[in-house]
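Now for the letters of each chain:
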Amino acid sequence: MYIDSHCHLHLRDLAKRQDEVLERMADNQVDHALCVCISLEDFPDALKLARRQKGIHATVGVHPNPQGVEEPTVERIIALAQEPKVVAIGETGLDYYRVKPKQKWQMDRFRVQIRASRICGKPLVIHTRDAAEDTIRILQEEGAGINKGGCAGVMHCFNEDLATARAALDMGFYISFSGILTYPASKELRKVAGYVPLDRLLIETDSPWLTPQAYRGKTNEPAYVIEVAKQLAAVRGMSVDKAAEITAQNYFRLFGIDPAA
Ligand SMILES: [Zn+2]
Ligand SMILES: [Zn+2]
């Protein structure tokens, strides 16, 4: 069994071809996927899919980039997170690549969601791009992470250095690798993937974006998570089955998901 710990099945091309994409997941033994919400406007679509589809769970949160969307409050996020199929808060974080110079509203939006996660006890899905230092600092300031009695989560689509991975691991975070791990230029990232403890590893597609090397040029989809599993297995010197099994167990543990749900 393979698990895609981060995808956007309810968005763009994947939403249009949802049945076909779900079928290809089943054919490839990708039995679970986390459908990640990026704004409160698209949350109903993610939830609807999670409710009707076995093996699909959803998150609630607001991505650091969108502007002109409903701004989250702690109360609103907590209320929406009560739904049983909503297993995490996010994706949230900081992105100084798309939004520059850095903006206070982006940091405030992030802080609100860390607070909501701490109160409702559901883990965070963290997005960080060109902003590792501030991301770690704000997580620490807000008491995110199991070591402070709060809730940790996952650093999704990890593409940072070892020091950032260590800081996140110290707070109790899991590290999720995407198709970026399969790109020829990702030598340093593959080293980081060799370092992360086995019980903190996750794999994802972040589809419809970041298609793994083997399928470049096509729209990414959850079935391609197998390519990430293969690369992780190669880095760790283990079988693909073992990499799949470990990342599946980690997924169920982090998000408190019943494998049969
Ligand atoms: Zn992201
Ligand atoms: Zn994403």
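Up top is the structure.
The shown structure was predicted, so the numbers you read here are calculated from the model rather than taken from an experiment.

A. Representation of the overall build of the protein. Assigned secondary structure in the protein consists of 10 helices and eight strands. Here the C-alpha atoms of the protein give a radius of gyration of 17 Å, agreeing with the 18 Å that 2.2 N^0.38 yields for 261 residues. With the C-alpha coordinates of the protein rotated into their principal frame, the extents come out at 40 × 40 × 35 Å. The burial tally for the protein puts 61% of its 261 residues in the buried class. Counting only carbon and sulfur atoms, one obtains 49% of the accessible surface of the protein, whose full area is about 10900 Å². A gap of 2 Å separates the mean positions of the 33 positive and 34 negative side-chain charges of the protein.

B. Spotlight on the side chain of Ser39. Relative to the elements of secondary structure, Ser39 occurs in the loop between strand S2 (30-35) and helix H3 (43-52). The contact partners of Ser39, leaving out residues within four places of it in the chain, are Gly61, Val62 and Val69.

C. Quick look at the pairing of S2. By the criterion of burial, S2 is predominantly enclosed, with five of the six residues buried. Bridge count between strand S1 (residues 2-7) and S2: four bridges; the pairing is parallel. By the bridge assignment, Tyr2 is partnered in S2 with Val30. For S2 and strand S3 (residues 56-60), the ladder comprises three bridges, and the chain directions are parallel. Paired with Leu34 across the two strands is His57, which belongs to S3.

D. Looking closely at the nonpolar core. Leu139, Phe173 and Phe177 are the most contacted members of the largest nonpolar core, which totals 69 residues. Each residue touching Leu139, except ones within four places of it in the same chain, is listed here: Phe110, Ile114, Leu124, Ile126, Ala144, Met155, Met171 and Phe173. By size, the runner-up hydrophobic cluster in this structure holds 15 residues, among which are Ile3, Leu202, Ala248 and Phe255.

E. Summary view of the sheet that holds S1. If you walk across this open sheet you meet the eight strands as S1-S2-S3-S4-S5-S6-S7-S8, and the pairing is parallel. Strand pairing shows two members of the sheet lacking a second neighbour, S1 and strand S8 (201-203), which therefore form its edges. Averaged over neighbouring strand pairs, the angle between their axes works out to 25° when direction is ignored.

F. Fine view of the environment of Asp42. Structurally, Asp42 is set in the loop between S2 and H3. The class for Asp42 is buried, based on a relative accessible area of 9%. Spatially, the C-alpha atom of Asp42 lies 8.1 Å from that of Leu11, the residues being 31 residues apart in sequence. Every residue in contact with Asp42, bar those within four places of it in the chain, is listed here: His10, Leu11 and Cys37. Within the structure, the side chain of Asp42 is placed 2.6 Å from the side chain of His10, a separation counted as a polar contact. At 2.7 Å, the side chain of Asp42 and the backbone nitrogen of Ser39 are in polar contact.

G. Highlighting the coordination of the zinc ion (ligand 2). For the zinc ion (ligand 2), the protein coordination sphere consists of His6 (NE2), His8 (NE2), Glu91 (OE) and Asp206 (OD), at 2.1 to 2.4 Å. Around the zinc ion (ligand 2), the four donor atoms are arranged such that angles at the metal cover 86 to 178°; this shape is classified as irregular. Here the donor residues of the zinc ion (ligand 2) share one chain and are spaced in sequence as H-x1-H-x82-E-x114-D. Separating the zinc ion (ligand 2) and the zinc ion (ligand 1) is a distance of 3.5 Å, and Glu91 donates to both of them. With Glu91 in strand S4 (residues 86-95) and Asp206 in the loop between S8 and helix H9 (225-236), this pair connects stretches of sequence that are 115 residues apart.

H. Seen up close, the coordination of the zinc ion (ligand 1). Looking at the metal site, the zinc ion (ligand 1) is ligated by Glu91 (OE), His127 (ND1) and His156 (NE2), spaced 2.0 to 2.1 Å from it. Here the donor residues of the zinc ion (ligand 1) share one chain and are spaced in sequence as E-x35-H-x28-H. The class for His127 is buried, based on a relative accessible area of 13%.

I. Inspection of the pairing of S4 at higher detail. The buried count for S4 comes to 10 of 10 residues, which makes it a mostly enclosed element. Note that S4 and strand S5 (residues 124-129) share six bridges and pair parallel. Counted as the bridge partner of Leu94 is Thr128 from S5. Taken together, S4, helix H5 (residues 104-120) and S5 form a β-α-β motif whose crossover is right-handed.

The rules we used
Residue numbers restart at each chain and count upward from 1, following the sequence in its written direction. As they are written, the chains are lettered A onward and the ligands numbered 1 onward, keeping that order. Under the rules for a predicted model, residues below a pLDDT of 70 receive no local features and side-chain atom pairs below 80 are neither given nor counted, while totals for whole chains, interfaces and linings still include all residues. Computation of side-chain values covers all heavy atoms of the structure but excludes hydrogens and water. What counts as a helix is a DSSP run of H or I of at least four residues, what counts as a strand is a run of E of at least two, and both are numbered from the N terminus. Two things to know: the radius of gyration comes from C-alpha atoms, and the globule rule equals 2.2 Å times the number of residues to the power 0.38. To sort residues, take the accessible area from a 1.4 Å probe on protein chains only and compare it with the maximum for the residue type: under 20% means buried, over 50% means exposed, and anything in between is partly exposed. Computed by Shrake-Rupley with a 1.4 Å probe, the accessible areas treat only the displayed protein chains as cover when residues are assessed. When charges are counted, neither His nor the chain ends are considered; positive counts come from Lys and Arg and negative counts from Asp and Glu. Here the site of a charge means NZ on Lys, CZ on Arg, CG on Asp, or CD on Glu. Whether two residues are in contact is decided by their heavy atoms, any of which lying within 4.5 Å being enough. Pairs of strands are assigned from DSSP output, requiring at least two bridges between the strands. To qualify as a nonpolar core, a set must consist of buried Ala, Val, Leu, Ile, Met, Phe, Trp, Tyr and Cys residues joined through side-chain atoms within 4.5 Å. What counts as an axis is a line fitted to C-alpha atoms, over the stretch in contact for a helix, and the angles between N-to-C directions run from 0 to 180 degrees. Definition of a polar contact: a pair of N or O atoms within 3.5 Å, with one able to donate and the other able to accept a hydrogen when the atoms are protein atoms, and with sequence-neighbouring residues admitted only if both atoms are side-chain atoms. Each metal site is built from N, O and S donor atoms within 2.8 Å (3.2 Å for Na, K and Ca), and since water is not included, such sites may look incomplete. Any coordination sphere not matching a tetrahedral pattern (four donors, all angles between 85 and 135 degrees) or a square planar or octahedral pattern (four or six donors, opposite donors over 155 degrees apart, other angles between 65 and 115) is reported as irregular. With the strands pointing away from the viewer, any crossover whose connection runs clockwise from the first strand over the helix to the second is right-handed.

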